[in-house]
Amino acid sequence: MDRQDGAMGGQSGERRPLLEKEPSDARWTQFIFSGRKVACGAILLVEIFERLAFFGIVSNLVLYLNSYLFNWGGPQSSQTALLFLGASYVLSPLGGWLADAYLGRYWTILASLLLYLVAACMLPATASDDIRPYLCGAMPEIDIIPRSCNSSSGCDTQPHSHYCSPIMYTGLLLLALGISSVKANVTSFGADQVTDRGPEATRRFFNWFYWCINIGAILALLLVAFIQQNVNFLIGYAIPAISVALALLIFLLAAPYFITKPPTGSRIPAMVRASLASCWRSRRGTPDQTTHNRVGDLPPVVGDPEDRTEEDAAHRSEAKASIKVLCKIMPVLLSLIPYWMVYFQMQSTYYLQGLHLRLPNLFSTQNTSSSSSKDESYRIPEAWLLMANVIVLLVLIPLKDRFIDPFLMRRNLFPSALKRMALGMFFGLTSVFVAGILETERLLYVQQGLVVNQTIGRDVYFAASLPIWWQIPQYLLIGISEIFASIPGLEFAYSEAPKSMQAVIMGLFFGISGVGSLLGSGLLSLLSLPSTGWMYCPKDYGNINKCHMDFYFFLLGGIQAVTLLVFVLISVNYERKERNACRLCVNEGNGST
C-alpha cells in the first residue's frame with residue numbers, strides 16, 4: 001500500500017503517521033525501530049504505568065482483605081485474589097473480539113483505560129474510613145474479633161461473613177474487565193507498530209514490552225506496596241488510580257504517531273457457520289474431495305441463495321482456514337493451564353505464606369519508655385519478595401535480547417518457542433515444589449513453638465521464626481519460568497494467529513492463563529471445605545498455622561509434572577506437522593518451476 005494512501009486512510013482504513021520516515025541506512029535492521037520510536041515509546045510507557053497500577057492493586061490485595069478493614073480469612077482472601085487475577089485474564093477474549101469486530105484496537109484500548117480508571121477509584125474509596133461506611137455499611141459484630149484470638153492458645157471463633165463483599169466483588173469485576181481488555185489489545189497494538197519490519201522486530205518488541213511490564217511491577221512493589229503495608233491503604237490505592245490516569249493521558253497524546261488499523265469484522269460467526277456446515281456434511285456422508293472443493297459451502301436452507309458471490313466464498317474459505325489454525329494452536333495453549341495455576345500462586349498463596357514467616361524490620365527502633373516495649377519500626381513489605389521475580393526478568397531479558405539469543409541464532413541453536421515454553425513449565429514445577437518444602441518446614445517450626453508475634457499495619461500475625469528470605473528461591477524460579485513460558489507464549493500466539501484474529505487469539509492466550517488462576521482458586525476453595533480439611537482452619541482465624549498449604553503446593557506440582565509430559569508430546573507433534581508442511585511447500589514450489 002502506498003504510504004500516502006495509508007496516511008490519509010486509504011481504502012483499507014489503516015492510518016499511518018504522516019511524518020514517519022524510513023531508515024536511511026541500508027542496514028536498517030540495526031535501527032529496527034527507527035521512525036517508530038515515539039509510537040513504541042508511548043506504548044511502553046503506557047504499559048509501565050498500567051502495570052504499576054495492576055501490581056499496586058494486586059500485590060497487597062490479600063493483606064488488604066485480611067486486615068482489620070474487612071477481616072476476611074486467609075484462605076478466603078487468597079481465593080479472592082486468585083479470582084480477581086483469573087478474571088483479569090479470562091475476560092481478555094471479550095476485549096480482543098470487541099477490537100477485531102467493531103472498535104479496532106486503538107478505540108478499544110481507550111475505552112478500556114477509561115473503565116479501568118473509574119473502577120480503580122473504588123479501592124481508595126473503600127480504604128477511606130469516611131467513605132467506606134456509606135458504601136458497605138457498618139461492619140457486623142461477628143467480624144469484629146480481636147486478633148489476640150489468633151494465638152496458639154486461641155479462642156473459639158465463629159465463621160465470619162465477608163464484610164463489604166458486594167462492593168468489593170463488583171469493583172474488582174469492573175477492574176478485571178478494564179484490565180483484561182487493555183491486556184488483550186495493547187500487546188498486539190504495540191506489535192502493529194513494527195510488524196512490517198519483520199519477525200526480528202516483533203520478537204525484540206515483545207522482549208522490551210515484557211521488560212517494561214516489570215519496570216512497572218518493581219515501581220509498584222518498592223513504592224506502593226511499602227505505603228500500603230506501613231502507612232495506609234488509602235494513599236497506597238490512590239497511586240494506582242493516578243497511574244491509570246497517566247497511562248490514559250500518554251495514550252491520547254501519542255495518538256497522531258500510532259499506526260492504527262480498522263476493525264476487520266468478526267470471523268467468529270463465519271467460523272461457527274463453517275463448523276456447522278462441516279458437521280452437516282459429515283452427517284450426510286459427503287466425500288472429502290467435494291468438501292475440499294467447496295470449503296465454505298453451507299447446506300441449502302430456506303431463503304439461502306443458491307449462488308454465492310466470490311466475496312462471500314472468500315470469507316467462508318478464510319473462516320475455514322481460521323478454524324484449522326485454532327485447532328492447531330488451542331491444544332498448545334490449553335496445556336499451559338496448569339502452568340498458570342502455579343504461576344498465579346506468586347500473588348496469592350506465596351504471599352499468604354510470606355505473611356507467616358518472620359519479616360525483618362526497617363530502621364528498627366523500639367519505644368522502651370513504658371514497661372511494655374512497643375515496636376515502632378516499619379517492616380519489610382512482604383510484597384517485596386515479588387521483586388526477586390521482577391529482578392530476574394529485568395536482568396535476564398536484556399541479556400537474552402542482546403547477547404544470548406543472537407549467540408544461539410548465529411549457531412542455529414536457538415530453541416523454538418514451544419521448546420522454550422516447555423523449559424518454562426519445568427522451572428514453574430520446581431518453584432511450587434520448593435514452596436511446598438518450605439511450607440512443610442514452616443509448619444514444623446510452628447509445631448515446635450518457634451513462633452513470633454509480628455504486627456503488620458494494625459494486625460498481628462503468628463509467624464514461624466524462619467526468615468522470609470527462604471522464599472527467594474521459589475520467586476526466582478517462577479521468574480525464570482516466566483521468561484521461558486510467557487514471552488515465547490506471546491510470540492507463539494501472535495505469530496500463529498491469522499491477521500484477522502490476532503487480537504482475539506492474544507485475548508485467548510491471556511484468557512487461558514486466567515482459567516489457570518480460576519482453577520487454582522477453585523482447587524483452594526475445594527480444599528477449604530470442612531470435609532476436605534487441608535485448608536480448613538476456622539479456629540486459626542486470619543492465620544494458616546493449622547492448615548496444610550504444603551499439600552496444596554505438592555498437589556499443584558504433581559498436576560504440573562503430568563501436564564509437562566503431555567505438553568512435550570503435543571509440541572513434538574506440532575513441530576513435526578510444521579516441518580512436513582514446509583517440505584510440502586518446498587516440493588510444490590520446485591514442481592511449479
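Residues numbered from 1 in each chain as written. Predicted model: local features only at pLDDT ≥ 70, side-chain atom pairs only at ≥ 80, totals over all residues. Heavy atoms only, no water.

A. Seen up close, unusual backbone geometry. Despite not being glycine, N71 shows a phi value in the positive range, around 60 degrees. With respect to the element layout, N71 can be found in the loop between α3 (61-66) and α4 (74-90). Here N412, not a glycine, exhibits a phi torsion of approximately 55 degrees, which is positive. One can find N412 in the loop between α16 (386-410) and α17 (417-447). Given a relative accessible area of 72%, N412 falls into the exposed group. (Helix = DSSP H or I, 4+ residues; strand = E, 2+ residues; numbered from the N terminus. Buried < 20%, exposed > 50% of the residue type's maximum accessible area, 1.4 Å probe, protein only.)

B. Here's a closer look at the environment of W211. Counting through the fold element by element, W211 comes out in helix α9 (residues 199-230). Sequence separation between W211 and P398 is 187 residues, and the spatial gap between their C-alpha atoms is 7.8 Å. Other than its neighbours up to four places away in sequence, W211 contacts L393, L394, I397 and P398. (Contact = heavy atoms within 4.5 Å.)

C. Region of interest: the side chain of S481. Positionally, S481 belongs in helix α18 (residues 472-496). Taking the relative accessible area as the measure of exposure, S481 reaches 0% and is therefore buried. Leaving out residues up to four positions away in the same chain, S481 has contacts with Y339, G424, F427, G428 and S486.

D. Examining the packing of α4 against helix α8 (residues 165-192) more closely. It is the contact of α4 with α8, at a shortest axis distance of 7 Å, that shows an interaxial angle of 35 degrees. As α4 packs across α8, the resulting crossing turns out to be right-handed. Of the residues in α8, those in contact with T80, F84, A87, S88 and Y89 of α4 are Y169, L172, L175, A176, I179, S180 and K183. Split by residue class, the contact of α4 with α8 holds eight nonpolar, three polar and one charged. (Axes fitted to C-alpha atoms, helices over the stretch in contact; angles between N-to-C directions. Left-handed = near helix turned anticlockwise from the far one by under 90°. Nonpolar A, V, L, I, M, F, W, Y, C, P; charged D, E, K, R; others polar.)

E. Highlighting the packing of α8 against α9. One way to put it is that α8 packs onto α9 with a least axis distance of 10 Å and a crossing angle of 135 degrees. If you check the angle between α8 and α9, you find them oblique. Two packed elements cross with a definite hand, and for α8 against α9 that hand is right-handed. Along its contact with α8, which presents V186, T187, G190 and A191, the element α9 presents F205, F206 and F209. Residue composition of the contact of α8 with α9, by class: five nonpolar, two polar and no charged. (Parallel < 35°, antiparallel > 145°, perpendicular 65-115°, else oblique.)

F. Local environment of empty space enclosed by the protein. Tallied over the full model, the rule gives two cavities of 30 Å³ or more. Approximately 270 Å³ is the volume attributed to the largest cavity. Along the wall of the largest cavity there are 28 residues; nearest its centre are R51, Y89, Y210, I213 and F510. Breaking the lining of the largest cavity down by element, the ones donating at least two residues are α2 (37-58), α8, α9, α14 (337-343), α16, α18 and α19 (502-527). Of the residues in the lining of the largest cavity, the class split is 17 nonpolar, six polar and five charged. (1 Å grid on protein atoms, 1.4 Å probe; cavity = no way out; pocket = protein on both sides within 12 Å on 5 of 7 lines; lining within 4 Å. Points joined across faces, edges and corners; volume = space filled by probe spheres on them.)

G. Layout of the state of the cysteines. Taken as a whole and judged by the stated rule, the model has one disulfide. Two residues share a disulfide in this structure: C136 and C164, whose sulfurs sit 1.8 Å from each other. In this pair, C136 is assigned in helix α7 (residues 132-136) and C164 in the loop between α7 and α8, connecting sequence segments 28 residues apart. In terms of burial, C136 and C164 fall into one category: buried. (Disulfide = S-S within 2.5 Å.)

H. Local environment of the nonpolar core. Of all hydrophobic cores here, the largest spans 155 residues; its most connected members are Y64, F84, Y116, L175 and F251. The dominant element in this core, judged by the number of residues it contributes, is α9, at 14 residues. When near neighbours in sequence (up to four residues on either side) are disregarded, L175 contacts I57, F84, Y116, A119, A120 and L123. (Core = buried A, V, L, I, M, F, W, Y, C linked by side-chain atoms within 4.5 Å.)

I. Inspection of a nonpolar patch on the surface at higher detail. Residues L98, Y102, L103 and W107 make up a contiguous nonpolar surface patch of roughly 430 Å² in combined accessible area. Along the polypeptide, L103 turns up in helix α5 (residues 92-120). (Patch = residues over 30% accessible without salt bridge, like charges linked within 9 Å, V, L, I, M, F, W, Y side chains within 5 Å. Areas by Shrake-Rupley, 256 points an atom, 1.4 Å probe, with all protein chains shown as cover. Salt bridge = Lys/Arg side-chain N within 4 Å of Asp/Glu carboxyl O.)

J. Here's a closer look at the environment of V62. Tracing the chain through its elements places V62 in helix α3. For the pair V62 and L82, spaced 20 residues apart in sequence, the C-alpha to C-alpha distance is 9.6 Å. What V62 contacts, discounting residues up to four positions off in sequence, is S77, S78, A81, Q347, S348, Y351 and L352.

K. The pattern of salt bridges, seen in detail. What the rule picks out here adds up to eight salt bridges. Its salt-bridge partner being K400, residue D405 comes within 3.2 Å of it at the nearest N-O pair. Classification of D405 by relative accessible area gives buried; the value is 2%. The closest approach of N and O atoms between K419 and E575, which form a salt bridge, is 2.9 Å. Remark: E575 occurs in helix α20 (residues 549-592) and K419 occurs in helix α17; sequence separation between them is 156 residues. Under the relative-accessibility criterion, E575 is labelled buried at 14%.

L. Fine view of the sheet that holds strand β1 (residues 357-358). Strand order in the open sheet formed by three strands is β1-β7-β6, with mixed pairing between adjacent strands. Pairing within the sheet leaves two strands with one partner each, and these edge strands are β1 and β6 (451-456). Packed on one face of the sheet, α17 meets β1, β6 and β7 (459-467) and runs near 110 degrees to β7. (Pairing = 2+ DSSP bridges.)

M. A look at the pairing of β7. Across two bridges, the pairing between β1 and β7 is parallel. Along β7, the bridge assignment pairs L357 with A464. Here β6 runs beside β7; their pairing, made up of six bridges, is antiparallel. Considered in β7, the bridge of V452 is made with A463.

The analysis is restricted to geometry; functional conclusions fall outside its scope.
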